[in-house]
Structure formats: C-alpha cells, structure tokens
Amino acid sequence: MSVTFGAEWSASLAKAPETELDAWLALAHAACDEADGIARSTFRRDLQISRKPDRTLVTQADTAIERAIRARLAAAHPDHGIVGEEYGTESADAATRWYIDPIDATNNFVRGVPIFATLLAVEHDGELQAAVVSAPALRERWWARRGGGAWTRGVDDAEPRRIRASEVAAVEDAQVLYGSGDEVEASGLAPGFRRLLRDAWRERGFGDFWGYMLLAEGAAEAMVEVGLSSWDAAAPLLIVEEAGGQATDFDGRRILDGGTFVATNGILHEEILARLRGT
C-alpha cells in the first residue's frame, strides 16, 4: 500500500507555485484578522441568535464574518469560487475555491465558551492548498500550506512554532478525541467506537476544530466526528496533513463531504478505522 500521509506526500499535492500559495495564505491571514475583530466585539455580549432550517444556531457574528471574508476574497480574486456555511456556494466550477466557516463551534460562542474559531481554506484544481484556523478567544492561530509545514502562534509568542503529529504507534498509548460521543454512536457508522475509547490510553470530548488542532500539535493521536460539512473539514484536513497526519471519512475516503471524519497521526490511521468499524 502506498503511503498517503507525511510531509513529502503532502507537499506533492501542491497545485500552484510557492509564491501563489504564500499569497493565498497571506490573504487568508488578513481575512482572519478581520474575522477575529468581529468575533471579539460580539463574544460574551448581547447576541442576536436564530435557528437555521436544520436547527443549528446562527448569530450576527457568523453572518458578519462571512460577509466580510467574501467581500475581501471577491476584491482580491473575483474569479475564485466560494463555499460558505451561511451564504452558500458561488462559482462552483471555478478552478480555485475558498471554504469558509465563519464561526466553527457556534454553540460554544453562544454560551460564552472560548473554544471557537474561523476556518478558512483554499482549494485549487481539486486539492486544498492553504488554510488558517484562528481562535481569537484562545488567542491562538494555526495555519499551513502545501510543502510549507503546519504552524501555530499565540499572541504572546515571539515566533511561530512548527507543529507535527505524534509518533505514537499503539492505540493503548493513544489519546483519542471526539466531538459528540452520542452522535457518533447514533450514526450507526462506528460500531466499534466505545470499544476504541476503552482500549485507548485516554479519551476526551474536545470537539470541533480544537480536536484537530490538538492532533496536529501531537497532543492526541485521533479525532473522531460525524455530521461535518465541507467547510468544517477543509481547513483541519490540510493542517493535519501538513503536520504529518492523515484525515479521511470512516470509509477511508479522502473527501470533505462524507459527513464522517477521522483524523489521526497517520501511523494509527488504518487501525483506528478498523476499530471504528468493529473489525
């Protein structure tokens, strides 16, 4: 079986010159700077909260952030497509498309929990190329681009810090994270989920973007989730891959819209998938 994770493999997926990748990454950082300001100005303040048809929550911060990012992207690259949580898809057939999740973990945001982030990723010719995850209340940001590694920086850090997935090679030594355990079980798609948690060294429900960033930093070996949309998965997938990890749906497909998602340090990926299937 060919290796489908690691720094060299991830770098091979670059579809544009480094100068263009760096420019896209710089644009994503600038967009997230603006998003951070909007989020901070409304977090733990009076919010206008409504429910979408799928009964998920949306606030004025979600919509304001996505509008701001869309405007910035349109000004810089009017020919690029956009896939966003709040305002849908534009130019779906464009060679270059951006995925926007204005506030990942809106439920946390609404309840005053500081674990939320803006997720922004750019795809070119069908492959993700650069991504930023920015968590203003945690005062930390993560980013990556193909061939450039994965990085993080807190507001008090003098320099960015390169991050890498762990080298833990046994489930019994692994920390396994997940979004909602009840949702994973109720999906019926992971009959071995509870057994996996029992067999692991440690398990914790660090959901949403946070679990994937911990995985990319080497603080955990697996993150399991269901109910994801493409804008939830895009930025975490790229950052995990550039950190040396692996991310697929429960069937092992490297796709964004499979609804299920499991990220690992790569070493344990096939075993984690098999255990989730109960095999």
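In this text the structure is predicted, and so the values were computed from the model without any measurement. (Residues numbered from 1 in each chain as written. Predicted model: local features only at pLDDT ≥ 70, side-chain atom pairs only at ≥ 80, totals over all residues. Heavy atoms only, no water.)

Draft legend 1. Representation of helix 9 (residues 269-277) in the model. Buried residues of helix 9: His269, Ile272, Leu273, Ala274, Arg275 and Leu276, and no others. Buried-residue contacts for helix 9 involve helix 6 (193-199), strand 13 (222-226), strand 14 (246-248) and strand 15 (260-264). Immediately downstream of helix 9, the backbone of Gly278 shows phi near 80 degrees, a positive value. (Buried < 20%, exposed > 50% of the residue type's maximum accessible area, 1.4 Å probe, protein only. Helix = DSSP H or I, 4+ residues; strand = E, 2+ residues; numbered from the N terminus. Contact = heavy atoms within 4.5 Å.)

Draft legend 2. Examining the pattern of salt bridges more closely. Under the criterion given, the structure shown has 21 salt bridges. Linking Arg146 and Glu127 is a salt bridge whose minimum nitrogen-to-oxygen distance equals 3.9 Å. Placement of the pair is Arg146 in the loop between strand 8 (140-145) and strand 9 (149-154) and Glu127 in strand 7 (residues 127-135), with a sequence separation of 19 residues. Of the two residues, Arg146 and Glu127, neither departs from the other in class, the shared state being buried. Here Arg275 ties to Glu271 by a salt bridge, and the two come within 2.9 Å at their closest N and O atoms. Highlighted residues: Arg275 and Glu271, both in helix 9, separated by 4 residues, approximately one helical turn. When its relative accessible area of 32% is taken as the criterion, Glu271 is described as partly exposed. Through salt bridges with shared partners, a single network forms among Glu172, Arg195, Asp199, Glu271 and Arg275. (Salt bridge = Lys/Arg side-chain N within 4 Å of Asp/Glu carboxyl O.)

Draft legend 3. Quick peek at the packing of helix 2 (residues 18-42) against helix 3 (residues 60-76). At their nearest, the axes of helix 2 and helix 3 sit 9 Å apart, and the two run at 155 degrees to each other. By the angle between their directions, the pair helix 2 and helix 3 is classed as roughly antiparallel. For helix 2 against helix 3, the interelement crossing comes out right-handed. Every residue of helix 3 that contacts helix 2 at Leu27, Ala30, Ala31, Glu34, Ala35, Ile38, Ala39 and Thr42 is listed here: Gln60, Ala61, Ala64, Ile65, Ala68, Ile69, Arg72, Leu73 and Ala76. A per-class count over the contact of helix 2 with helix 3 returns 13 nonpolar, 2 polar and 2 charged. (Axes fitted to C-alpha atoms, helices over the stretch in contact; angles between N-to-C directions. Parallel < 35°, antiparallel > 145°, perpendicular 65-115°, else oblique. Left-handed = near helix turned anticlockwise from the far one by under 90°. Nonpolar A, V, L, I, M, F, W, Y, C, P; charged D, E, K, R; others polar.)

Draft legend 4. Representation of the layout of surface pockets within the structure. If you add up the space inside the second largest pocket, you get close to 220 Å³. In this structure, the second largest pocket is lined by 13 residues; those nearest its centre are Asp36, Arg139, Glu140, Arg141 and Val155. At the level of secondary structure, the elements contributing two or more residues to the lining of the second largest pocket comprise helix 2, strand 7, strand 8 and strand 9. Residues belonging to the lining of the second largest pocket are distributed by class as follows: 4 nonpolar, 2 polar and 7 charged. (1 Å grid on protein atoms, 1.4 Å probe; cavity = no way out; pocket = protein on both sides within 12 Å on 5 of 7 lines; lining within 4 Å. Points joined across faces, edges and corners; volume = space filled by probe spheres on them.)

Draft legend 5. Seen up close, the sheet that holds strand 3 (residues 81-84). Taken in spatial order, the 8 strands of this open sheet run 4-3-5-6-7-8-9-10, and their pairing is mixed. What marks the edges here is a single partner per strand, and that holds for strand 4 (88-90) and strand 10 (161-163). For this sheet the average axis-to-axis angle between neighbouring strands, irrespective of direction, equals 15 degrees. With 6 bridges connecting them, strand 7 and strand 8 associate as antiparallel partners. Note on strand 8: the bridge partner recorded for Ala135 is Glu140. Set on the sheet, helix 8 (residues 230-242) makes contact with strand 3, strand 5 (96-104), strand 6 (117-124), strand 7, strand 8, strand 9 and strand 10; between it and strand 7 the angle comes to about 100 degrees. (Pairing = 2+ DSSP bridges.)

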